[in-house]
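Single-letter residue listing:
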Amino acid sequence: MDITFPEHTNALVSERPQADVFLFNSNSNLVRTNGIRQRISIPLLSNTFHQEVQAVFQREQAQGRCNPIVVGAIPFDMNQPAQLVVPEWHERVKPLDRTFSSFVDKDFIHHASEQSFAPSHTEFLDIIEQALSSFENSPLKKVVLSKILKLTLDRKVDVPRLLSNIMAQNPSAYHFSVPLKNSVLIGASPELLLRKQGNKIFSNPLAGSAKRLDNLDADRQAAKTLANSAKDQYEHRLVVDAIRAALLPVVESLGERKESSIIATPTMWHLSTDIEATLPAINPPSMFDLIKQIHPTPAMCGTPTVSAQQHIAALEPHQRGFFSGLVGWCDAEGNGEWAIAIRCAEVSGNKVTLFAGAGVVPDSNPESEWLETSAKMRTMLNAFGIKEDVI
Ligand SMILES: C=C(O[C@@H]1C=C(C(=O)O)C=C[C@H]1O)C(=O)O
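Residues numbered from 1 in each chain as written. Predicted model: local features only at pLDDT ≥ 70, side-chain atom pairs only at ≥ 80, totals over all residues. Heavy atoms only, no water.

Colleague: Explain the environment of Thr225 residue by residue, including any values.
Modeller: Within the secondary structure layout, Thr225 lies in helix H5 (residues 216–227). The partly exposed category is assigned to Thr225, whose relative accessible area is 47%. Taking the C-alpha atoms as reference, Thr225 lies 40 Å from Leu45; in sequence the two are 180 residues apart. (Helix = DSSP H or I, 4+ residues; strand = E, 2+ residues; numbered from the N terminus. Buried < 20%, exposed > 50% of the residue type's maximum accessible area, 1.4 Å probe, protein only.)

As structure tokens, then:
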């Protein structure tokens, strides 16, 4: 059957060669790139990262490009290599019209012939129990534990068509498609780590979640229960407090603390808080300085950070890679936008890996965290048109 996409998404679908195409779309900017002129593949925490970025921008400017751009992905663990590039070509335009949800591609359907979780259901419950027992005898207050789902699909995934479907199904998300070495990282994240425009910065952390329900009344009740949940508000507050505390020493002024609100994705409710700050006019921190200052937040890692990182390394059987890291772009003037790489998948041919995590605090229930992570995977399962209950 012929599929008619709106003009703009059609343009995305026709972009080739696919392997080099990067896309990041938010309600502020649509950035698309093609080709690679320079790479930055060292860890953000490496001593030479700052000089390397400066050198890359200077080389571009020396060749007459006045405001070059760096795009790509930063892993959860900033000791691991980033995958950033200066593209051959880029365009930064006003975001796409966000009313294209009627263009969901109903014929885009996949079936999974093989599936496996890591950790398995039993192992996941066990690592949550281990985290819960750590709260009693360590400084740990919150740790985010994740699982992956590996799927073999009945056919090779058409990545541009997948991207169009993700955008249509999740019109208000941060959409991204990032070419990695042997795969594409693709997703619809609801969470903004950082947007920088001149001397203003914005962050929109989420934490505290409930699954959306089909029945309207039950769905509204789920949102109300989340808003009134002391456990979720605590989990959320830890994130907001940590980001504000990390920004305080490097900003000129931090906006007033706002109340949390509830936001909806098509599959989840979340507690959400906007954070705004103004940077000093003299010697402001760069985009990457700010990222190093606040990533990984307790929404992706936990708190205190080092203790949570140690628990994740000890308890999770898989490597997160870019999951719960960052995807986005930054220009030589220091503007840019970085979303958190969640509600995403790594796609390679017909092999797909989905990721999801959940914040564990003393009041967490292991089975509820399992169900929450499964519900978060529905965003990508829907994008692939996987109807059967693989989770
Ligand atoms: C880690 C994920 O989501 C994060 C964890 C949340 C939570 O624990 O309530 C909510 C939103 C995100 O900050 C994910 O989607 O995989």
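Colleague: Could you give me a rundown of the state of the cysteines, with the residues and numbers involved?
Modeller: Taken as a whole, this structure holds 0 disulfides when the rule is applied. With no disulfide of its own, Cys301 has Cys344 as its nearest cysteine by sulfur position, at a separation of 17 Å. For Cys301, a relative accessible area of 0% corresponds to the buried category. Take Cys344: its relative accessible area is 1%, and that puts it in the buried class. (Disulfide = S-S within 2.5 Å.)

Colleague: Residues and numbers for the sheet that holds strand E13 (residues 206–211), please.
Modeller: Sheet strands associate in pairs through backbone hydrogen bonding, adopting either a parallel or an antiparallel arrangement. In space, the 3 strands of this open sheet follow the order E13-E16-E15, with antiparallel pairing throughout. Each end of this open sheet is capped by a strand with a single partner; those strands are E13 and strand E15 (261–264). The average undirected angle you get between the axes of adjacent strands in this sheet is 30°. Relative to strand E16 (residues 268–272), E13 runs antiparallel, the two being bridged by 4 bridges. (Pairing = 2+ DSSP bridges. Axes fitted to C-alpha atoms, helices over the stretch in contact; angles between N-to-C directions.)

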